[in-house]
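In case you want the letters, here they are:
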Amino acid sequence: MTTYSHGLTDDEAKAVQANQAHRVGTLFRALDLDGDGIISADEIDRATESLLALDLDGDGQLSEDECGGPFRYPGGGRTSAIYRILDLDGDGVIAAADITDAPARLRRLDRLGKGHLTPADNGMGGNAVRQNWFDGPAHFLANQDTLRSYVLEDTGEVLPGTDPRQDPSFHLVQEHANAMDVWVARDLYLLDSQGERVHWWPARNHASETVSARLRDDGLLIRTSCPGIWLETLAFPVGAHGIVSIEEPDGTVVWQWELFEPGRRVLHHSFDPMPNGNILVTMYDGRTFDEAVDLGWIEQGREVLLRPPDLTRWWTESILELEPNLETGETRVVWEWHSIDHLVQDADPDKPFYGEIGPGCRKIDLNYTRYENYRFNMGQVMHVNSVSYDPARDQILLSSAMHGELWIIDHATTTEEAAGPAGDLLYRCGNQQAHKGGPVRTFDWQHDIGWIPPGRPGAGNVLVFNNGARSAGDLPAPHPKRLQFGDGHSEILELSMPVDDEGVWTWDLDDPLNAAEIVWSYNADGSNGWFSPFMSGAARLPNGNTVTALGFNKQLREVTPEGETVMDLRPGGAGRVFRAVPIDADHPGLACLGISGR
């Protein structure tokens, strides 16, 4: 029998979970005056009075203990949506003003206009199908213990500045909330090579999962953020944010663009600044399930989705090129690529996109993704989490986590041309199964696929953070259990790509990696204990080292080409990070911040 870090049996773990669920339900029970399991419209109207009844010390506000605490995890009470909507700043205290405003805020939780709230609106009840992904309550609790804990102070095995082999680069850290804002984190700061925070940018908007930032040569900051609060993101799959902005060092916004259309379109995950000042962004494109079926999609059950069925959509991907005007604040979309134009299905000859799928296929199988195979599915069928521009060849690299593939598309086209055969995949690798090209899948829920830039060792190669690299028990890929603590580990891969200077790609249909070659890796055998089930990334540094970040706990690690750790830092406080963002010590933008680099 497996023994987990908490040392509890399944029965003991189940009792712990039941106790925590009861504590988390404190606010719901206080508002449900007649105990019928529904907070009626009248009970919502009386919410202020009901909440004040919990104020045992009479100070006019509710502490964590008065809301059901203590909880097993920091902020554990906020797994209740009622707690989160009342405690918007995430400090654990429901202040007097929050209590007064309670009826209005609770009505916001009624997203479907029912006129009342149920336990599902409070985020409680769980998903029975998803519970099957764990080997019992003890396994589930062990995963929760890891995901929902954080350190209060900076810590690490090899703190910054202690090993002379460390690169002198800085690191841009954008902290953000974890799922559904159980933790609130919005800090954006620059770490120097000694681990000191040497510049801060003011918090802006909501920092949902996957928001990130980049520093321009002129010292301006490009960052993503989210309008509203966590509640608005429920209309989209994971990773949605909706805003990209450019800001002065003091946080003054000089340009901003928003695309946040619930159930329809939204910016998400990655962006990449281009040499001409434009910005490539990724966009979810939503349709109803019925519309998807009309396109040739074989409809799947919704019972394993992370979103309630009445809010789900079928989501494909688009890439937009934005031209920001910093003088007027205006934006032009100057180029577009839509995956919907490059689909194929072999299930129904009477529906669109019918064609052959097999070795050499340059289109995307709209029926490859099976929702039950993915832990983080919310109706999306591709989940493009990285976009990386190659200016030398005018091509774009994309990472589809659900297809387990790296895709190359041509940017040297017009938008009209990109909608036709010229916009089909120039190259793909990582998963033969995705196009019925063979049995081998190398990538599993990978993130932060990007080109190694000129001037660094390995320039022109590609780095991949392969989240679900391997698994105990030889679980097939994809499989939800590969992305759980104790069942898998992550690896970083460096690939030499089969492309010439003119951008012509070589395909080897008999090779599982389609002629790409793994020339370096880190943690391929799991011996370095490096794992995150989501987000995360890696980047090559000027001295040849590689910096990597674990998304779930903000941990940064720098390793040599031999895999030796020369820096290891876990920043204190709540929150997560999307990726590693190193800033060269001689980056021109540092001087604009008043910082002396190299």
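For clarity, every value in this text was computed on a predicted model and none was experimentally measured.

Caption draft 1: Representation of the overall build of the chain within the structure. Within the chain, the secondary structure is distributed over twelve helices and 27 strands. Relative to the globule expectation of 25 Å for 598 residues, the C-alpha radius of gyration of the chain, 24 Å, shows essentially globular dimensions. Based on the C-alpha atoms only, the size of the chain along its principal axes is roughly 70 × 65 × 60 Å. Within the span of the chain, comprising 598 residues, buried residues form 58% of the whole. The contacts in the chain between residues at least 6 apart in sequence include a share of 64% that link residues at least 24 apart. Total accessible area computed for the chain in this model is approximately 22500 Å², and 49% of it derives from carbon and sulfur atoms. The chain carries 48 positive and 92 negative side-chain charges, and their two centres are separated by 3 Å.

Caption draft 2: Here's a closer look at the sheet that holds strand E10 (residues 279-287). Overall, antiparallel pairing links the five strands, which are arranged E8-E9-E10-E11-E12 in an open sheet. The open sheet terminates on both sides in strands that have one partner only, identified here as strand E8 (260-261) and strand E12 (331-338). With seven bridges joining them, strand E9 (residues 265-273) and E10 adopt antiparallel strand pairing. Bridge assignment links Phe271 to a residue of E10, and that residue is Val281.

Caption draft 3: Up close: the nonpolar core. If you look at the biggest cluster of nonpolar residues, it comprises 29 residues, and the most contacted ones within it are Trp297, Trp314, Trp337, Tyr371, Ile396 and Leu398. Contributions of two or more residues to this core are made by helix H10 (289-294), strand E11 (314-324), E12, strand E15 (384-390), strand E16 (395-400) and strand E17 (405-410). The contacts of Leu398, once residues within four sequence positions are left out, are Ile319, Trp337, Val384, Ser386, Val387, Glu405, Leu406, Trp407 and Ile409. Ile44, Ala47, Phe71 and Tyr83 belong to the second-largest nonpolar core, a separate cluster that totals 28 residues.

Caption draft 4: Region of interest: the sheet that holds strand E4 (residues 213-215). Read across the open sheet, the four strands follow the order E4-E5-E6-E7; overall the sheet is antiparallel. On the outer flanks of this sheet lie E4 and strand E7 (253-258), each paired with one strand and no other. The mean inter-strand angle of the sheet, taken between neighbouring strand axes irrespective of direction, is 15°.

Caption draft 5: Representation of the pairing of E9 within the structure. Counted residue by residue, E9 has seven buried out of nine residues, so it is predominantly covered. Where E8 lies against E9, two bridges are found, and the strand directions are antiparallel. The residue bridging Glu261 from the neighbouring strand is Arg265, located in E9. Linkage of E9 to E10, two consecutive antiparallel strands, is achieved through a turn of five residues, within which Gly277 is found at a positive phi near 95°.

Caption draft 6: Quick peek at the packing of helix H1 (residues 10-24) against helix H9 (residues 137-147). In contact at an axis separation of 7 Å, H1 and H9 are set at 55° when each is read in the N-to-C sense. Regarding the angle of H1 to H9, the classification is oblique. Crossing angle aside, the handedness with which H1 passes H9 is left-handed. Residues Asp10, Ala13, Lys14, Val16 and Gln17 of H1 form the contact with H9, whose own contacting residues are Pro137, Ala138, Phe140 and Leu141. Here the contact of H1 with H9 is built from residues that sort into six nonpolar, one polar and two charged.

Caption draft 7: Molecular detail of unusual backbone geometry. Cis geometry marks the peptide bond from Gly69 to Pro70; its omega dihedral reads 5°. Structurally, Pro70 can be placed in the loop between helix H4 (47-52) and helix H5 (81-86). Positioned with a positive phi, Lys436 is a non-glycine residue whose angle comes to about 55°. Summarising the element assignment, Lys436 is placed in the loop between strand E18 (427-429) and strand E19 (447-451).

Caption draft 8: Looking closely at the pattern of salt bridges. Overall, the coordinates contain 32 salt bridges when judged by the stated rule. A salt bridge links Arg216 to Asp218; its shortest N-O distance comes to 2.6 Å. Between Arg557 and Asp568 there is a salt bridge, with the nearest N and O atoms lying 3.0 Å from each other. Here the residue Arg557 occupies a position in strand E25 (residues 556-559), and Asp568 occupies one in strand E26 (residues 565-569), the gap between them amounting to eleven residues. Within this structure, Asp98, Asp101 and Arg105 form a network of salt bridges that share partners.

Caption draft 9: Geometry of the state of the cysteines. All chains considered together, the criterion is met by zero disulfides. With no disulfide of its own, Cys429 has Cys361 as its nearest cysteine by sulfur position, at a separation of 15 Å. The class for Cys429 is buried, based on a relative accessible area of 3%.

Caption draft 10: Seen up close, H9. Of all eleven residues in H9, nine are buried, a share of seventy percent or more. Considered for burial, the residues of H9 that qualify are Ala138, His139, Phe140, Leu141, Ala142, Asn143, Gln144, Asp145 and Leu147.

Caption draft 11: A look at H1. Under the 1.5 Å per step criterion, the end-to-end length of H1 is 21 Å for 15 residues, consistent within 8% with the ideal 21 Å. Residues of H1 that are buried make contact with helix H2 (26-31) and H9.

Caption draft 12: Layout of the pairing of E15. In terms of burial, E15 is a largely internal element, seven of the seven residues being buried. Inspection of the sheet shows E15 paired to E16 by six bridges, in the antiparallel sense. Bridge pairing in E16 links Ser388 to Leu397. Following E15, the chain reverses through four residues before pairing antiparallel with E16; Asp394 in that reversal takes a positive phi of roughly 55°.

Caption draft 13: View of the packing of aromatic side chains. Per the stated rule, a full pass over the model turns up 18 aromatic pairs. With centroids separated by 6.0 Å and ring planes inclined at 45°, the aromatic side chains of Tyr374 and Trp445 adopt a geometry described as tilted. Remark: Trp445 occurs in the loop between E18 and E19 and Tyr374 occurs in the loop between strand E14 (364-365) and E15; sequence separation between them is 71 residues. The same class applies to Tyr374 and to Trp445, which are both buried.

Cut-offs used in this document
Residues numbered from 1 in each chain as written. Predicted model: local features only at pLDDT ≥ 70, side-chain atom pairs only at ≥ 80, totals over all residues. Heavy atoms only, no water. Helix = DSSP H or I, 4+ residues; strand = E, 2+ residues; numbered from the N terminus. Rg over C-alpha atoms; globule rule 2.2 N^0.38 Å. Buried < 20%, exposed > 50% of the residue type's maximum accessible area, 1.4 Å probe, protein only. Contact = heavy atoms within 4.5 Å. Areas by Shrake-Rupley, 256 points an atom, 1.4 Å probe, with all protein chains shown as cover. Lys, Arg positive; Asp, Glu negative; His and termini not counted. Charge placed at Lys NZ, Arg CZ, Asp CG, Glu CD. Pairing = 2+ DSSP bridges. Core = buried A, V, L, I, M, F, W, Y, C linked by side-chain atoms within 4.5 Å. Axes fitted to C-alpha atoms, helices over the stretch in contact; angles between N-to-C directions. Parallel < 35°, antiparallel > 145°, perpendicular 65-115°, else oblique. Left-handed = near helix turned anticlockwise from the far one by under 90°. Nonpolar A, V, L, I, M, F, W, Y, C, P; charged D, E, K, R; others polar. Salt bridge = Lys/Arg side-chain N within 4 Å of Asp/Glu carboxyl O. Disulfide = S-S within 2.5 Å. Expected span 1.5 Å × (residues − 1). Phe/Tyr/Trp six-rings, centres within 6.5 Å; stacked < 30°, edge-to-face > 60°.

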